[in-house]
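# Summary of structural features
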Amino acid sequence: MAGHAQAPFHILLVEDEPVIRELVRSMLSDGAVDVVCAAHGLEGLKLARTQPFHLILMDVVLPQLDGISVCRILKSDPATAKVPLYMLTAKAKKADVESATQAGADGYIHKPFRGAELMDLVERLRAARTDA
């Protein structure tokens, strides 16, 4: 079973902005990390429920269903509740952070974000996964 320890780390990115989707995908995808993208909240919700992910990055402002609502739904579902979910958004007011936290978000990354910040998060979560 030791050969399976290096299974890809699956990330779901729910982001309506194509440029940011591509930027994050190209920054994080490296063979050991696989990034699946969704362009709106409903698509992200469907993907999160049908595939196993190790991390979900979610914009707050999304078409069809906003990120806070998707977060609340995923965190209330036992099948997806334990998946780390980080909001990735330009909404940086204290009230925005509080509503994300109340919805169950595990963290909050402000746009514009630094690539190193995202890569550090992924490395921390991957290390924690291999230690478990």
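The structure we're discussing is the one just above.
Small disclaimer: the values here were computed from a predicted structure and weren't measured.

## Observations regarding helix 1 (residues 18–28)
- If you check which residues of helix 1 are buried, you get Ile 20, Arg 21, Val 24 and Leu 28. Buried residues in helix 1, looked at end-on, bunch into an arc of 105°, giving them a common side. In this structure, helix 1 carries Val 19 and Ser 26 as exposed residues pointing more than 90 degrees from its buried face.
- Lining the buried residues of helix 1 we find strand 1 (9–14), strand 2 (33–38), strand 3 (55–58), strand 4 (85–89) and helix 5 (115–131).

## Re the side chain of Lys 111
- Structurally, Lys 111 can be placed in the loop between strand 5 (107–110) and helix 5.
- A polar atom in the side chain of Lys 111 sits 3.3 Å from the side chain of Asp 59.
- Residues within four places of Lys 111 in sequence aside, it is in contact with Glu 15, Ile 20, Asp 59, Leu 88, Thr 89 and Ala 90.

## Let's talk about the pattern of salt bridges
- Under the counting rule described, the total for this entry stands at seven salt bridges.
- Glu 15 is the salt-bridge partner of Lys 111, the closest N and O atoms lying 2.7 Å from each other. Within this pair, whereas Lys 111 is found in the loop between strand 5 and helix 5, its partner Glu 15 is found in the loop between strand 1 and helix 1, the two being separated by 96 residues in sequence. With respect to burial, Lys 111 and Glu 15 carry one shared label: buried.

## Here we look at the sheet that holds strand 3
- Within the open sheet, the five strands sit side by side as 2-1-3-4-5. Their pairing is parallel. Each of the sheet's edge strands pairs with one partner strand only, and the pair in question is strand 2 and strand 5. The mean angle between the axes of side-by-side strands here comes to 20°, regardless of whether they run parallel or antiparallel.
- Pairing analysis gives four bridges linking strand 4 to strand 5, with the strands arranged parallel. Looking across to strand 5, one finds that Tyr 86 is bridged to Gly 107.
- Together, strand 1, strand 2 and strand 3 form the strand contacts of helix 2 (residues 41–50), whose direction differs from that of strand 2 by roughly 135°.

Definitions and limits used
- Residues numbered from 1 in each chain as written.
- Predicted model: local features only at pLDDT ≥ 70, side-chain atom pairs only at ≥ 80, totals over all residues.
- Heavy atoms only, no water.
- Buried < 20%, exposed > 50% of the residue type's maximum accessible area, 1.4 Å probe, protein only.
- Helix = DSSP H or I, 4+ residues; strand = E, 2+ residues; numbered from the N terminus.
- Arc of directions from axis to C-beta.
- Contact = heavy atoms within 4.5 Å.
- Polar contact = N/O pair within 3.5 Å; in protein donor to acceptor, adjacent residues only side chain to side chain.
- Salt bridge = Lys/Arg side-chain N within 4 Å of Asp/Glu carboxyl O.
- Pairing = 2+ DSSP bridges.
- Axes fitted to C-alpha atoms, helices over the stretch in contact; angles between N-to-C directions.

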